[in-house]
Amino acid sequence: MNDHELVIQARGLSKRFGQLTAVDRLDLGVRRAEVFGFLGPNGSGKSTTIRMLCGLLLPSAGEIEVLGCRIPRDAEALKRRIGYMTQRFSLYEDLSVLENLEFLATVQGLGKAAARQRIAELLERYWLADRRQQMAGTLSGGQKQRLALAGAVLHKPDLLLLDEPTSAVDPQSRREFWDSLFELADAGTTLLVSTHYMDEAERCTRLGILDAGRLVADGSPRELLDALPGHPLLIDCAQPRQAQRALQGSTAVLAMAQIGASLRVLVASADARERIEDALRAAGIAARIEDTQPNLEDVFVSVTRQPVPAAP
Ligand SMILES: Nc1ncnc2c1ncn2[C@@H]1O[C@H](COP(=O)(O)OP(=O)(O)O)[C@@H](O)[C@H]1O
Ligand SMILES: [Mg+2]
């Protein structure tokens, strides 16, 4: 397999649930050893897409090829070559760490000797060796997450699909988890990771942003930043919510989002700053306005026109 070969290829992928179109004619290509970040507001179709790519959910329309397997036709064969992990971690809480991995090894059809060796290796790598006898249900969030990752890579999959794997853990665990993901990518594993954290998105080699089931942006973080229309202003004031209301509907504003105590406003033209100052003054709002560096939050709000997800 050469480096540019597409590991995931989807064309015209759609999923309808009754009247609702959850995924809408999606075209997606993910190359080998890429860390592809899947972004989008809640309900934009990330999980549904990932389930279809894994062969767990039947598409309403479209074509999928993953690792050379046609999905759904070759879904059984694909299962042995991919790993899948969700934010719920899917562990047996009343089995020990070791028993969870032994069980998964059996399901994956690993021989006894191979399983023992692989499990020992993973317990070391994911800092679980001294927890091997502990019930999974009593582990911390970060430990459960590491166990779930160990389980997902037990059979050395070529492709890992991770659906918001860091939603349930603390920031320190999130960083360590991402270090583990890069280790896997360096070893040649392709990763598709959905997230709603912008700091995680920044670490991806490529991003796809979904909005209401449609792929509205696709490129490296750098490319997406370069393609950003306009530039961001940071508005510091006592009432960012009021400021946001005052600027609603202004043609100077492409997109805006409240970030902590300030308001980020994406503007298109050079005279926008003056118009914003006027609008705020007219509303009786005292504010300090400064230019700021574009970031992925700006990209996110400009393509989805949705509130920015939680800051890390
Ligand atoms: N099994 C299902 N039946 C009906 N609607 C569903 C089902 N699964 C997902 N949906 C709907 O499809 C849309 C996309 O959901 P999802 O893929 O979970 O989004 P995301 O993962 O981006 O939050 C949502 O409106 C959701 O309510
Ligand atoms: Mg989801």
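Residues numbered from 1 in each chain as written. Chains lettered and ligands numbered in written order. Predicted model: local features only at pLDDT ≥ 70, side-chain atom pairs only at ≥ 80, totals over all residues. Heavy atoms only, no water.

Caption draft 1: Local environment of the overall build of the protein. Along the backbone of the protein there are 11 helices and 14 strands. Buried residues in the protein amount to 49% of all 312 residues. Contacts in the protein between residues far apart in sequence, at least 24 positions, make up 69% of those at least 6 positions apart. Only carbon and sulfur atoms are counted for the fraction: they give 47% of the accessible area of the protein, which is about 14900 Å². Treating the 37 positive side-chain charges of the protein as one cloud and the 40 negative ones as another, the clouds have centres 5 Å apart. (Helix = DSSP H or I, 4+ residues; strand = E, 2+ residues; numbered from the N terminus. Buried < 20%, exposed > 50% of the residue type's maximum accessible area, 1.4 Å probe, protein only. Contact = heavy atoms within 4.5 Å. Areas by Shrake-Rupley, 256 points an atom, 1.4 Å probe, with all protein chains shown as cover. Lys, Arg positive; Asp, Glu negative; His and termini not counted. Charge placed at Lys NZ, Arg CZ, Asp CG, Glu CD.)

Caption draft 2: Representation of the side chain of Glu164 in the model. Position of Glu164 among the secondary structure elements: in the loop between β7 (159-163) and α6 (171-186). Discounting chain neighbours no more than four positions away, the residues touching Glu164 are Lys46, Gln87, Ser194, Thr195 and His196.

Caption draft 3: Seen up close, the packing of aromatic side chains. For the structure on display, the rule yields three aromatic pairs. Pairing Phe36 with Phe38 gives two aromatic rings, centres 6.1 Å apart and planes at 55°, and the pair type is tilted. The same class applies to Phe36 as to Phe38, namely buried. Seen from their ring centres, Tyr92 and Phe103 are 5.2 Å apart, and the 80° between their planes marks the pair as edge-to-face. One end of the pair, Tyr92, is in the loop between β6 (82-86) and α3 (97-107); the other, Phe103, is in helix α3, and 11 residues separate them in sequence. Relative accessible area serves as the criterion here: at 44%, Tyr92 is assigned to the partly exposed category. (Phe/Tyr/Trp six-rings, centres within 6.5 Å; stacked < 30°, edge-to-face > 60°.)

Caption draft 4: Summary view of the site of ligand 1. Near ligand 1 the following residues occur: Phe17, Leu20, Ala22, Pro41, Asn42, Gly43, Ser44, Gly45, Lys46, Ser47 and Thr48. In this structure, Gly43 approaches ligand 1 through a main-chain N or O atom, which is 2.7 Å from an oxygen atom. In this structure, an oxygen atom belonging to ligand 1 sits 2.9 Å away from a side-chain N or O atom of Lys46. The fraction of the free accessible surface of ligand 1 (560 Å²) that becomes covered by protein chains is 60%. Considering every element that reaches the shell around ligand 1, the biggest residue donor is helix α1 (residues 46-54), with three residues. Along the lines of polarity and charge, the residues of the shell around ligand 1 split into four nonpolar, six polar and one charged. (Near = heavy atom within 4 Å. Polar contact = N/O pair within 3.5 Å; in protein donor to acceptor, adjacent residues only side chain to side chain. Nonpolar A, V, L, I, M, F, W, Y, C, P; charged D, E, K, R; others polar.)

Caption draft 5: Examining unusual backbone geometry more closely. Here the amide bond leading from Ile71 into Pro72 is cis, since omega sits at 10°, within 30 degrees of zero. Following the sequence through the fold, Pro72 ends up in the loop between β5 (69-71) and α2 (75-79). Here Ala33, not a glycine, exhibits a phi torsion of approximately 65°, which is positive. Turning to its location among the elements, Ala33 is positioned in the loop between β2 (20-31) and β3 (35-39). Given a relative accessible area of 31%, Ala33 falls into the partly exposed group. The phi dihedral of Trp127 falls on the positive side, at around 50°, and the residue is not glycine. Within the secondary structure layout, Trp127 lies in the loop between α4 (112-125) and α5 (141-153).

Caption draft 6: The arrangement of the side chain of Ser220 in detail. Looking at where Ser220 falls in the secondary structure, it is placed in the loop between β10 (214-219) and α8 (221-226). For Ser220, the contacting residues outside a window of four places in its chain are Thr205 and Arg206.

Caption draft 7: How the structure looks around the sheet that holds β2. If you walk across this open sheet you meet the four strands as β2-β1-β4-β5, and the pairing is antiparallel. Looking at the sheet topology across the chains shown, the edges are occupied by β2 and β5. For this sheet, the mean inter-axis angle between neighbouring strands, taken without regard to orientation, is 20°. Of the strands in this sheet, β1 (6-17), β2, β4 (61-66) and β5 are in contact with α1, which crosses β1 at around 120°. (Pairing = 2+ DSSP bridges. Axes fitted to C-alpha atoms, helices over the stretch in contact; angles between N-to-C directions.)

Caption draft 8: Highlighting α4. In this model α4 runs 20 Å from its N-terminal to its C-terminal C-alpha over 14 residues, within 8% of the 20 Å that 1.5 Å per residue would give. Contact partners of the buried residues in α4: α3 and α5. Following α4 by one or two positions, Trp127 adopts a phi angle in the positive range, close to 50°. (Expected span 1.5 Å × (residues − 1).)

Caption draft 9: Representation of the pattern of salt bridges within the structure. With the rule as written, the count across this model stands at 23 salt bridges. Between Asp158 and Arg81 there is a salt bridge, with the nearest N and O atoms lying 3.3 Å from each other. Linking Asp158 in the loop between α5 and β7 with Arg81 in the loop between α2 and β6, this pair joins segments that are 77 residues apart in sequence. (Salt bridge = Lys/Arg side-chain N within 4 Å of Asp/Glu carboxyl O.)

Caption draft 10: Geometry of a nonpolar patch on the surface. Together, Tyr92, Phe103 and Val107 make up a nonpolar patch on the protein surface, roughly 290 Å² of accessible area in all. The exposure class of Phe103 is partly exposed, given its relative accessible area of 37%. (Patch = residues over 30% accessible without salt bridge, like charges linked within 9 Å, V, L, I, M, F, W, Y side chains within 5 Å.)

Remember that the coordinates give geometry; whether it matters functionally is a separate question.
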